[in-house]
2 protein chains.
Amino acid sequence: MNANPLFTDFYELTMAQGYWKKGLNTQTVFDMFFRRPPFGGGFSVFAGLDPLLDTLENLRFGTDDIEYLSSLGIFERGFLDYLSGFRFTGDVLAMKEGSLAFPNEPLVRVHANAIEASVIEGLLLNIVNFQTLIATKTARIWLASRRGSLMEFGLRRAQGFDGAMSASRAAYIGGAAGTSNTLAGKTWGIPVMGTMAHAWVMSHPDEKTAFNAYAEQYPDKSVFLSDTYDTLGSGIEAAIDAGKKLAGKGKNFGVRLDSGDIQYLSVAVRKALDEAGLTKATITVSNELTEEIVESLVLNGSPIDFWGVGTHMVTGGSESSLTGVYKLSAKTGADGRLEPVMKLSENPEKATNPGVKQVWRLYNEDGSMEADILALEGEEIKTGREMRYFHPTNQGQSFTFAPASAEALLQPAMRAGKRLRAPAPLAEIRAWAGAQFDRIDPTYLRILNPHVYKVSLTENLRDMKCGFIAEYGRQK
Amino acid sequence: MNANPLFTDFYELTMAQGYWKKGLNTQTVFDMFFRRPPFGGGFSVFAGLDPLLDTLENLRFGTDDIEYLSSLGIFERGFLDYLSGFRFTGDVLAMKEGSLAFPNEPLVRVHANAIEASVIEGLLLNIVNFQTLIATKTARIWLASRRGSLMEFGLRRAQGFDGAMSASRAAYIGGAAGTSNTLAGKTWGIPVMGTMAHAWVMSHPDEKTAFNAYAEQYPDKSVFLSDTYDTLGSGIEAAIDAGKKLAGKGKNFGVRLDSGDIQYLSVAVRKALDEAGLTKATITVSNELTEEIVESLVLNGSPIDFWGVGTHMVTGGSESSLTGVYKLSAKTGADGRLEPVMKLSENPEKATNPGVKQVWRLYNEDGSMEADILALEGEEIKTGREMRYFHPTNQGQSFTFAPASAEALLQPAMRAGKRLRAPAPLAEIRAWAGAQFDRIDPTYLRILNPHVYKVSLTENLRDMKCGFIAEYGRQK
């Protein structure tokens, strides 16, 4: 993790100097949330919390950073001295990493003075936006494969070094079984996986020699890349030749398809393998796979055992950013106490929800998720009691529900700049992410046009929001 | 730069052990190239060379890396010892960073033994694919703005730490005037820029107070964010109030629009500013801008002075990866000399161009670019002499041309693992990238449906390629 607070938008520092000079560096509350789930889907998988907490805990300006800022000629010596001693000393509440998350609900809530809260905006969004995007994308591909075996193969197509490393981490949380990125394997304890490259095949006189040489070296890990010259000709013939020798030693093997029509080729290769008596041999496919392609292959009955996914899994493909934002929800008022604030907007969905808020997840009798509720901090959601909840922007729309159980999702993660527990093992975060898909109706998980999961407001929060809108209307 | 060779796909290491054991660790040549320009465009801007060379020069396995590999239980002690002493000792030829590049032409050519060439594949592609994608995207936005003033505002939407840092670098090469990323400013010497956030406005009782407080602190750098509550109401009124006071002191200022209909609002804000006598005040716009939106605003005559671009500039937006590849083009034959190799494919555009190759850029009398030619190393392209060149996949198609001048684009950048010159100043790379747009017909630069720039083969290379295809056909 990089914990240099210069990794921030320049305006945070110019504003910070303003807060510092004007005595405005008082307590604030910020919410990090997104406005719609990515990929036209119905959910997100929250990821990036542990790296965020590590970064916040270690945030320091170096001497050369202060010198650089000084060289720009717009910061006063007193403010630079203040930055020299800068630490993040705020509190962070957050959902458990790996949690399913929905639009408009805070994933992370920050209580800090205005300067600290501002300086961390960019790095918080950078970490959480990206890892949440990738965990979500991977979960979608995993669901499309009917919870199959995904291998993350994205290093070469990822957006830079950390684009690859953080993507390997987030993809594992989202459901990938392993990664090809060896350094991610070492760093995060993710299983490392791989097959062979065209260059291996081309470094030998022919495919038969290449595959047999590989099988001799790695009898327990042989997956033959069969499309260097002619998949259904020399490629599959050589794979069967090497595979039979392995079978003779009681070893299994696989065939990898990396080009051409995957549906057609996988059926033909399966047939050829079965006819050769190699019914246990596996088929791995790759080549610009997306959740839509994976689902189509599954629905068409393609006999595929392993999915190697690169570009789209590690970059999000056609949607390359979660448009998560970080907005002020409360500030210190004249009386020294926190008071709610709200940003209005000509785009109603860009207006914020005011005040210090908790997110409640309401469950049915059978333990399935029914709806999420934004409440003011301190409001309690009672189980077994019918309550009315309100649509976040269309204030006339409401529903009533008596939850069998209710869970407050935002939990303290950092207090006074210190994290409250050690990072969770990645496998635990991954298991938690996966388990939730059994507790939500599959209609919310559909790849295309999913059912919209409710995120509603309590009556108190609704009233506060309407009050701001009405007040602003009067001033206008 | 991270120079850990574990940042590689796992199969590179398993194949490497195979090369090592089988005496196959002989000299190879690999080409890095892409098969089509991104974003439906006609060109790419090659970026990432200097970071790549730095990384290659410093590539070392640490003791803990070797221990990690050992723990996987599939690498032999002798091979791990070999990796402990691993260095990249190969030669690299490359285009000058910032060069315009086109499909199928090597941007980077690597001469190294099979293990070194394999281990670096992932990091080479990771660095060059991403930075080239972003430099290209930025150049498209810059061209769409009619070479206007772009500010890169992408830190919070970028794909992780290096996704932001490398994007700031590449966006500057591609034509951005500056970045909001303060650490990128320090690291790469890029001008840092910024305006103010909604939180600044909301931290004050009203916009008038907020803008005047900012103007007092930064009289030379005031850009007022006018859309916190009501752009054309309280927002522009407050901006004019603070702006008039600045004008009284002989200072200029700007207004920033970050939501709503940018075309409508920019015209209305311009009118309001002009009517207030503030004709020099500038207008900055932002909010999910793409090259298509920028071009449409320009063509509609929107009075915009500065463009703040985030998400799409730093991630590529809907196209999040340059699908650049790295393919074996020659290997050591039985006689110990380099011999060409070729990968065939059922997708003809996935077949490679065999042999050790140079890229020649052919110019017209007036210095404008006419076509690029792939030639075998050692072939010379003579100026003033008509030659016939061949389509790369449709071998029947050809054209003749007598270049006024011709330039070999691949130049030595690293020899025996040592870079041949210090990194070029970023401003120099940026100037070189920008200058080339004056030497190419604008039809190749069109945002939508550009004219296709020719990348053709010499007769010798065409004959070699046809020979491979015919030979393989005979064996089949």
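Since this is a predicted model, take the numbers as computed values, not measurements. (Residues numbered from 1 in each chain as written. Chains lettered and ligands numbered in written order. Predicted model: local features only at pLDDT ≥ 70, side-chain atom pairs only at ≥ 80, totals over all residues. Heavy atoms only, no water.)

**Section: empty space enclosed by the protein**
Counted by the stated rule, this structure contains 2 cavities of 30 Å³ or more. Quantified by volume, the largest cavity comes out at close to 60 Å³. Together, D31, F33, N104, P106, A351, T352, N353 and K357 of chain A line the largest cavity. Of the residues belonging to the lining of the largest cavity, the class tally is 3 nonpolar, 3 polar and 2 charged. Together, D31, F33, N104, P106, E349, A351, T352, N353 and K357 of chain B line the second largest cavity. A per-class count over the lining of the second largest cavity returns 3 nonpolar, 3 polar and 3 charged. (1 Å grid on protein atoms, 1.4 Å probe; cavity = no way out; pocket = protein on both sides within 12 Å on 5 of 7 lines; lining within 4 Å. Points joined across faces, edges and corners; volume = space filled by probe spheres on them. Nonpolar A, V, L, I, M, F, W, Y, C, P; charged D, E, K, R; others polar.)

**Some points on the pairing of strand 15 (residues 369-376) of chain A**
Here is the key point about a regular strand: its side chains alternate between the two faces of the sheet. Residue and element names in this part refer to chain A. In terms of burial, strand 15 is a largely internal element, 7 of the 8 residues being buried. For strand 14 (residues 357-363) and strand 15, the ladder comprises 7 bridges, and the chain directions are antiparallel. Following the sheet pairing, K357 is matched in strand 15 by L376. (Buried < 20%, exposed > 50% of the residue type's maximum accessible area, 1.4 Å probe, protein only. Helix = DSSP H or I, 4+ residues; strand = E, 2+ residues; numbered from the N terminus. Pairing = 2+ DSSP bridges.)

**Concerning the domain arrangement of chain A**
All names here are of chain A. In terms of domains, chain A is made up of domain 1 (23-57 + 90-122 + 329-475) and domain 2 (135-315). Summarising the inter-unit geometry, the C-alpha centres of domain 1 and domain 2 are found 39 Å apart. Taken together, the contact pairs 23 residues of domain 1 with 20 residues of domain 2. At the boundary of domain 1 with domain 2, total buried surface from both sides reaches about 1800 Å², with 68% on carbon and sulfur atoms. When the buried surface of domain 1 facing domain 2 is broken down by residue, L426, R430 and I447 rank first, second and third, together holding 42% of it. (Domains from an automatic or database assignment. Contact = heavy atoms within 4.5 Å. Buried area = accessible area lost by both parts, 1.4 Å probe.)

**Considering the pattern of salt bridges**
Residues and elements named next belong to chain A. Following the criterion strictly, the structure yields 54 salt bridges over all chains and no others. Between D241 and K245 there is a salt bridge, and its shortest N-O distance comes to 3.2 Å. One end of the pair is D241 and the other is K245, both in helix 11 (residues 231-248) and 4 residues apart, which spans about a single turn. Here R361 and D372 are joined by a salt bridge, their closest N and O atoms 2.8 Å apart. (Salt bridge = Lys/Arg side-chain N within 4 Å of Asp/Glu carboxyl O.)

**With respect to the interface of chain A and chain B**
Of the residues lining the interface, 107 residues belong to chain A; the matching set on chain B comes to 108 residues. Across the chain A/chain B interface, buried area totals approximately 8700 Å², and carbon plus sulfur atoms make up 55% of it. Of all residues in chain A, R156, Q159 and M202 of chain A bury the most surface against chain B, accounting for 10% of the area lost on that side. Remark: the boundary between chain A and chain B carries 12 salt bridges.

**Some points on helix 10 (residues 207-217) of chain B**
In terms of burial, helix 10 of chain B is a largely internal element, 8 of the 11 residues being buried. Residues of helix 10 of chain B that are buried in the fold lie against helix 1 (10-21) of chain A together with helix 9 (198-202), strand 8 (223-225) and helix 11 (231-248) of chain B.

**Topic: the relation of the copies chain A and chain B**
Both copies of the chain are related through a single rotation about an axis accompanied by a shift along the same axis. You can overlay chain A on chain B at an RMSD of 0.0 Å; the transform is a turn of 180° with a shift of 0.0 Å along its axis. Such a combination of turn and shift is consistent with a two-fold rotation axis. Identified as the residue of chain A closest to the rotation axis by C-alpha distance is S318 of chain A, at 2.0 Å. Mapped onto chain B, 100% of the interface residues of chain A again fall at the interface, so both copies present the same surface. (Least-squares fit on C-alpha atoms with pLDDT ≥ 70 in both.)

**Thoughts on the UniProt feature "domain: Nicotinate phosphoribosyltransferase N-terminal" (unreviewed entry) in chain A**
Under the UniProt annotation, the feature "domain: Nicotinate phosphoribosyltransferase N-terminal" (unreviewed entry) is placed at residues 6-129 of chain A. As annotated, residues 6-129 of chain A comprises 43% helix and 17% strand, and the C-alpha atoms at either end are separated by 19 Å. (UniProt positions renumbered as here; feature names shortened; annotations may be inferred.)

**Observations regarding the UniProt feature "domain: Nicotinate phosphoribosyltransferase C-terminal" (unreviewed entry) in chain A**
Look at the UniProt record and you will see "domain: Nicotinate phosphoribosyltransferase C-terminal" (unreviewed entry) annotated at residues 357-465 of chain A. For residues 357-465 of chain A, the helix share is 17%, the strand share is 34%, and the end-to-end C-alpha distance is 12 Å.

**Some details on unusual backbone geometry**
Residue and element names in this part refer to chain B. Residues other than glycine seldom take positive phi values, yet R147 does so here, at roughly 60°. If you trace the backbone, R147 turns up in the loop between helix 6 (121-144) and strand 6 (149-152). Here R147 falls in the partly exposed class, since its relative accessible area comes to 37%. The backbone of N287 shows a phi angle near 115°, a positive value even though the residue is not glycine. Among the structural elements, N287 can be located in the loop between strand 10 (282-285) and helix 13 (291-299). Of the residues examined, N287 reaches a relative accessible area of 26% and is grouped as partly exposed.

**Regarding the sheet that holds strand 12 (residues 325-332) of chain B**
Residues and elements named next belong to chain B. In space, the 7 strands of this open sheet follow the order 13-12-1-5-3-19-20, with antiparallel pairing throughout. One side of each edge strand has no neighbouring strand; the edge strands of this open sheet are strand 13 (338-340) and strand 20 (418-419). Two strands pair when backbone bridges link them, and strand 12 and strand 13 are joined in this way by 3 bridges, in the antiparallel orientation. Its bridge partner lying in strand 13, A330 is registered against P340.

**Quick notes on the environment of D438 of chain B**
Residues and elements named next belong to chain B. When you line up the elements, D438 lands in the loop between helix 15 (426-436) and strand 21 (455-457). The spacing of D438 and G367 is 71 residues in sequence and 9.6 Å in space, taken between C-alpha atoms. For D438, the side chain forms a polar contact with the side chain of R147, separated by 2.8 Å. (Polar contact = N/O pair within 3.5 Å; in protein donor to acceptor, adjacent residues only side chain to side chain.)

**As for the nonpolar core**
With 290 residues, the main nonpolar core has V108 and L273 of chain A together with V108 and L273 of chain B as its most contacted residues. The contact partners of V108 of chain B, leaving out residues within four places of it in the chain, are F30, D31, M32, F46, L52, V92, L93, A94 and L124 of chain B. (Core = buried A, V, L, I, M, F, W, Y, C linked by side-chain atoms within 4.5 Å.)

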